[in-house]
Amino acid sequence: PALPAAAEGDGWMALFDGRNTADWIQRGGKAVYTVEGGALVGRTVLGERNSFLCPPKHYADFVLAFEVWVDPKLNSGVQIRSQSDPAWRDGVVHGYQVEIDPSERGWSGGIYDEQRRGWLTSPKSDPVAQKAFKVGEWNRYRVEANGDRIRTWVNDVPVADLVDAMDRSGFIGFQVHQAKEEGLAVKWRNIRIKELPRAETGLLPNTLSEKERADGWTLLWDGN
């Protein structure tokens, strides 16, 4: 499907053109990715580890939007600001993952640190967010990464609001999770991105206000 009219301007760009992924990079396992009816489709392969199909560009601050459908028996996710370094655990993909979770747990939209720290934030105490994802239907995701803050929405319901400074840029990757059944599918469409001006870090400003100086504060290091 074509991009909605609202996504064609104002800085939005199609991350996936609905036709091919010729210059994309597959990392991790060997799940099968195809393009079908304008959607990116990934299918499980028995014995394979987590697989990720990644556009070639790295992104820092952005808004990412997509729709996803997933087999109810398959867990999935989308990596953002992620890394793969041959010098670290043979290049295993690691970094922030926005969860796609059709299980009864209902943690879709939570943020998991793939192959590193595990869960960073989940909607386990938010029953409204837990019910935002509709199993067996196409679901709308919005992900905002701006400076040290990452926020997610599922079907317009806010889910995650994370402040974390470990990775400020990296690649995006569409995951097919390892599974015990062959051919389980996850599908994405209308994948689009809007890059934002590079944000400042979440650190305090490296100057003192007049009031702070009057109160006796002294700047020990000016950041230079």
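The structure reproduced in this document is the subject of the present report. Here the structure is a predicted model, which means the values were calculated and not measured. (Residues numbered from 1 in each chain as written. Predicted model: local features only at pLDDT ≥ 70, side-chain atom pairs only at ≥ 80, totals over all residues. Heavy atoms only, no water.)

Focus: the overall build of the protein chain
Which entries qualify depends on this criterion: For helices the rule is a DSSP run of H or I covering at least 4 residues; for strands it is a run of E covering at least 2, with both sets numbered from the N terminus onward. Type-normalised accessible area, obtained with a 1.4 Å probe on protein chains alone, sets the label of each residue: buried when under 20%, exposed when over 50%, and partly exposed for intermediate values. For this analysis, residues touch if any pair of their heavy atoms sits within 4.5 Å. For accessible areas, the Shrake-Rupley method is used with a probe of radius 1.4 Å. Any residue's cover is judged against the shown protein chains and nothing else.
Tallying secondary structure elements over the protein chain gives two helices and 16 strands in all. Within the protein chain, buried positions represent 47% of all 224 residues. Residue pairs at least 24 apart in sequence account for 63% of intrachain contacts in the protein chain once pairs closer than 6 positions are excluded. Total accessible area computed for the protein chain in this model is approximately 11800 Å², and 50% of it derives from carbon and sulfur atoms.

Focus on the packing of aromatic side chains
Going by this rule: Between 30 and 60 degrees the pair is tilted, below 30 it is stacked and above 60 it is edge-to-face, where a pair is any two Phe, Tyr or Trp rings, Trp via its six-membered ring, whose centres lie within 6.5 Å. Over a ring means this: the NZ of a Lys or the CZ of an Arg is within 6 Å of the ring centre and within 35 degrees of the ring normal.
Within the structure shown, the criterion is met by seven aromatic pairs. Residues Tyr112 and Trp119 carry aromatic rings whose centres are separated by 5.3 Å and whose planes lie at 70° to one another, so their mutual orientation is edge-to-face. On the basis of an interplanar angle of 70° and a centroid distance of 5.2 Å, the ring pair of Phe174 and Trp188 is categorised as edge-to-face. Of the two residues, Phe174 is situated in strand β15 (residues 170-176) and Trp188 in strand β16 (residues 185-195); the sequence distance between them amounts to 14 residues. Neither residue differs from the other here; Phe174 and Trp188 are each classed as buried. Here a set of aromatic residues connected by ring pairs shows up, and it is made of Phe16, Trp24, Phe174 and Trp188. Over the ring of Phe171 we find Arg27, and its NZ or CZ is 4.0 Å from the ring centre. The ring of Trp153 has Arg142 lying over it, and the distance from NZ or CZ to the ring centre is 6.0 Å.

Quick word on the pairing of strand β3 (residues 32-36)
Under the convention used in this document: We call two strands paired when DSSP finds no fewer than two bridges between them.
Where β3 lies against strand β4 (residues 39-43), five bridges are found, and the strand directions are antiparallel. Within β4, the residue paired with Val32 across the bridge is Arg43. Taking the residues between adjacent antiparallel strands as the criterion, β3 and β4 are bridged by two residues, where Gly37 takes a positive phi near 60°.

Observations concerning the nonpolar core
Here is the rule: In this text, buried Ala, Val, Leu, Ile, Met, Phe, Trp, Tyr and Cys residues form a nonpolar core when linked through side-chain atoms within 4.5 Å.
Counting residues in each nonpolar core, the largest one holds 40 residues, and the members touching the most others are Leu40, Leu64, Phe66, Phe174, Trp188 and Ile191. When residues of this core are traced back to their parent elements, those giving at least two are β7 (62-70), β8 (76-83), β9 (94-100), β12 (139-146), β13 (149-154), β14 (157-163), β15 and β16. Of the residues forming this core, the biggest block, five residues, is contributed by β7. Filtering out sequence-adjacent residues up to four positions away, Leu64 remains in contact with Leu15, Val78, Ile80, Tyr141, Arg142, Val143, Ile172, Ile191, Arg192 and Ile193.

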